Amino acid sequence: MPVRDLGRLLRPRTVAVVGGDPAERAIRQSDRLGFDGEIWPVHPTRSHMAGRRVHPSLDDLPGVPDAAFVAVNRRLTIEVVRQLAEMGCGGAVLYASGFAEAGEKGAELQERLVCGHRMPLIGPNCYGTINAVVGAALWPDVQGCRRVRSGPALISQSGNISLNLTMNRRGIDFSYVISLGNQASVTTEDCLAHFAALPEVTAVGIHAESIVDPVAFGRAALACRDTRTPVVVLKTGRSKKAERITSSHTAALAAPAAAYDALFERYGVATAESVPDFMTTLGLLDTIGPIPGNRLVSLSCSGGEAALVADRSVHYPVTFPAFGPEHRDRIAATLPPLVTITNPLDYHTFIWGDEPALERCFTEVVAGPFDAAMLVIDWPSDGNDDTDWWPTLRAFATASDRAGRAGVVVSGLPESLPGRISAFVTEQGLGIAHSIDEALGGLAAAASYGRWMESRRPRLHLQAGAPAGPVHSLDEPTAKAILASDGIRVPRGAVVEGHPEVGPAGLPDSVGFPLVAKAVGPAHKSLSGGVVTGIGNAGELGRAVRRLGEGGRPVLIEEQVTGTVAELLVSVSRRPPIGVAVTLGTGGTLVEWLADTTTLLAPVTRAELRRALGRLRIGRRLEHRAGGSVIDPEPIYRVIDRVTTLVATRPDIVEVEVNPLILTGDGAWAADALISVTRGAGPNP
């Protein structure tokens, strides 16, 4: 059931706080932020809290609160929520734990929390909300926010991560902070949709253990696209061990990491794998926004730093193009002849401290065909004279502004950009990164977001529920018959029983040598000796069938696909709770060893397929064949599209795997196929 509007809860004018010490701490946090609305403490025995008269019960309040902070035990929380909902309260933050994250009995209590009303609830098992625009903190602990007019919003399932991020010294001042806990009512996607429409929210950072409704998340992310509000996600629970931790932490539902990656990619959401990367990427998207491409230029006064930038850049999808001859000459004219003009550029210390000379040099450098510029500089520690560092910083700010170029100030060490320097940098409209790797990763994300914003708006992806019964696999002939009925090319052939004397006369008229014989039944037939290829005559065929059909096992005899250009893996599967996932990669017997795969969400467009192939080693091979010819991806797209349609229209199908999908000069062939089905969810073969 959809929750009501979050406006009163997240931007309240009147707040009820219910409980003891945690409730009093929440009052003090609102006071610290200068909240000028009304706060009504509620406690049965106390007379005053944080300098305010206490109301003995909710019935004694002077009015209906816009929001409530509830910090009582879990059973009493249920009764308080019922009363608040009946009053018409705009929403409540539930601090208590011991609900779904604590097991079956806790899950039953959580169901009672949300039953019979539509009042929005944050939590349970959470810290709550902070609105730094109006100063309302429904928050029972310390926090580092300060009043702002606008800024990024933070959504997290972890109270402690939320708290820690508010304490950052990176110049990121959050406009809103929401710690969601168990997401019994209000979810990450609800908050994201709400923030998409708020002009004071300039970007959204999300720490997610799970996404409750991935399609609603996609819809909210597209709403953020419409308002040009970038979104960054730090997804935890990616490993098996972390999955178990998140399940016990906030009752999060796990899904394969590749499926989450595909979800975020589809909807233009930048991803980060660590807290520093998350904060840097969020900060860069907030300050410099999207950039049109990944062509970078780097400036530093050290050859060591320039080399380090070059070394680290190979790990990120960014480039440092060489300067053109004319451009190189213009830069050289601003520097002594001993300086070698390369990108990344070591401009040496000959002009160190000379602001006009630095400005001339930097202006020529960043005026080139680049999408963003980096200045690598570490500030001296307290007690040292920093006079000569300021000209470099000011010259870079001036050059970036003149060129209309996104500029990022980068330190080698996190502690080498003091707060006062970060404040100056952000005032100049420049981005900040506290390591070279953070800068490269953040700029790569800004480029990816920029390209996504210029691309066609994606459609919502296909949903996928959990299998409705036991899952089993169909044999290869049955699977191929299903694929052939949907217009996917499969090799012609026939199934023979046992081990008779078999010759080409028993096969379809148009099938001739060479042939392939396969034992029907076992998966991974190639690894278990269940496949014989290159059968060139009737004698070889008879021997193959007798061996593979020992014991009366059926044998599939097919024409062998010739003229192979490449072998691909194509898998379309239901990945609850995310959706229908399409996995594409290098196929054949070495698929697990090569691990050259990428995952998308269905339906897949031709543009998405081209980008996915570009990420794969096999895709790059198809682009650079001998002779300069390029394989047309259209046959691959048609197979993916038809298999996706098959899965979408057959709820009994859990997964279709084609491996290998053999590409030849005249199209694509499903040389082997596996279909997993469940009984009880729809039509069965």
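Refer to the structure above for everything that follows.
Heads up: these notes are all about the structure in this document. (Residues numbered from 1 in each chain as written. Predicted model: local features only at pLDDT ≥ 70, side-chain atom pairs only at ≥ 80, totals over all residues. Heavy atoms only, no water.)

Quick look at the sheet that holds strand S18 (residues 406–410) now. Judged by pairing direction, the sheet is parallel, and its five strands sit side by side in the order S16-S15-S17-S18-S19 without closing on themselves. Each of the sheet's edge strands pairs with one partner strand only, and the pair in question is strand S16 (345–346) and strand S19 (431–433). For S18 and S19, the ladder comprises three bridges, and the chain directions are parallel. From the neighbouring strand, Val410 faces S19, where its bridge partner is Ala433. (Pairing = 2+ DSSP bridges. Helix = DSSP H or I, 4+ residues; strand = E, 2+ residues; numbered from the N terminus.)

Moving on, we come to the pairing of strand S30 (residues 673–678). Most of S30 is tucked away, with five of its six residues classed as buried. As judged from the three bridges shared by strand S20 (residues 471–473) and S30, these two strands associate in the antiparallel manner. By the bridge assignment for S30, His472 is matched with Val677. By the bridge criterion, five bridges tie strand S28 (residues 653–664) to S30 in an arrangement that is antiparallel. Its bridge partner being in S30, Ile653 is matched across the sheet by Val677. (Buried < 20%, exposed > 50% of the residue type's maximum accessible area, 1.4 Å probe, protein only.)

Between helix H6 (residues 188–196) and helix H7 (residues 214–226), whose axes approach to 8 Å, the crossing angle comes to 15°. Taken together, the axis directions place H6 and H7 in an arrangement best described as roughly parallel. Considering how the two elements wind past one another, H6 and H7 form a crossing that is left-handed. Listed contacts from H7 to Glu189, Leu192, Ala193 and Ala196 of H6 are Ala216, Phe217, Ala220, Ala221, Ala223 and Cys224. Class assignment for the residues of the contact of H6 with H7 results in nine nonpolar, no polar and one charged. (Axes fitted to C-alpha atoms, helices over the stretch in contact; angles between N-to-C directions. Parallel < 35°, antiparallel > 145°, perpendicular 65-115°, else oblique. Left-handed = near helix turned anticlockwise from the far one by under 90°. Contact = heavy atoms within 4.5 Å. Nonpolar A, V, L, I, M, F, W, Y, C, P; charged D, E, K, R; others polar.)

Ranked by internal contacts, the top residues of the largest apolar core, which has 104 residues, are Leu192, Phe195, Ile206, Leu263, Met374 and Leu443. For this core, the element with the highest residue contribution is helix H16 (residues 436–454), accounting for eleven residues. Among the nonpolar cores identified, the runner-up in size contains 41 residues, and Leu483, Val565, Val580 and Ala612 belong to it. (Core = buried A, V, L, I, M, F, W, Y, C linked by side-chain atoms within 4.5 Å.)

On to the sheet that holds strand S5 (residues 67–71). Read across the open sheet, the five strands follow the order S2-S1-S5-S6-S7; overall the sheet is parallel. The open sheet is flanked by strand S2 (38–42) and strand S7 (121–122), the only strands paired with a single partner. The sheet strands contacting helix H2 (residues 21–32) are strand S1 (14–19), S2 and S5, and the helix crosses S5 at an angle near 140°.

Let us look at the packing of helix H3 (residues 74–87) against helix H4 (residues 104–114). Geometry of a packed helix pair, given as the angle between the helix axes and the separation of the axes. One can describe the packing of H3 onto H4 by two numbers: an axis separation of 9 Å at closest approach and a directional angle of 15°. Relative to H4, H3 is oriented roughly parallel. Crossing of H3 over H4 shows left-handed handedness. Counted together, Arg74, Arg75, Thr77, Ile78 and Val81 of H3 and Gly106, Leu109, Arg112 and Leu113 of H4 form the full contact between these two elements. Among the residues making up the contact of H3 with H4, the classes are represented as four nonpolar, two polar and three charged.

We now examine the packing of aromatic side chains. Tallied over the full model, the rule gives twelve aromatic pairs. Seen in terms of ring centroids, Phe69 and Tyr95 are 6.1 Å apart; in terms of plane orientation they differ by 35°. Their pairing is tilted. Of this pair, Phe69 sits in strand S5 while Tyr95 sits in the loop between strand S6 (92–94) and H4, placing them 26 residues apart in sequence. For Phe69, a relative accessible area of 0% puts it in the buried group. Classification of Tyr95 by relative accessible area gives partly exposed; the value is 27%. On the basis of an interplanar angle of 25° and a centroid distance of 6.3 Å, the ring pair of Tyr449 and Trp452 is categorised as stacked. Of this pair, Tyr449 and Trp452 both sit in helix H16, three residues apart, which is roughly one turn of that helix. Pair check on accessibility: Tyr449 and Trp452 agree, each one buried. Here the aromatic cluster, defined as three or more aromatic residues joined through ring pairs, consists of Phe69, Tyr95, Tyr127 and Trp139. Positioned above the aromatic ring of Tyr260, the side-chain terminus of Lys235 is 4.5 Å from the ring centre. (Phe/Tyr/Trp six-rings, centres within 6.5 Å; stacked < 30°, edge-to-face > 60°. Lys NZ or Arg CZ within 6 Å of the ring centre and 35° of its normal.)

Our next topic: the environment of Leu375. Within the secondary structure, Leu375 sits in strand S17 (residues 372–376). Taking C-alpha positions, Leu375 is 12 Å from Thr398, a pair spaced 23 residues apart along the chain. The residues contacting Leu375, other than those within four sequence positions of it, are Leu299, Tyr347, Phe362, Thr392, Leu393, Phe396, Val408, Val409 and Val410.

For Ser400, the location among the structural elements is in helix H14 (residues 390–403). The buried category is assigned to Ser400, whose relative accessible area is 3%.

It is worth spelling out the pattern of salt bridges at this point. Enumeration according to the criterion identifies 29 salt bridges in this entry. Between Arg46 and Asp21 there is a salt bridge, with its nearest N and O atoms 2.7 Å apart. Taken together, the positions of Arg46 in the loop between S2 and strand S3 (48–49) and Asp21 in helix H2 put the pair 25 residues apart, joining distant regions of the chain. Among the salt bridges present, the one from Arg266 reaches Glu608, with a minimum N-O distance of 3.8 Å. With Arg266 in helix H9 (residues 257–266) and Glu608 in helix H20 (residues 606–615), the pair connects residues that are 342 residues apart, well separated along the chain. For Glu608, a relative accessible area of 12% translates into the label buried. (Salt bridge = Lys/Arg side-chain N within 4 Å of Asp/Glu carboxyl O.)

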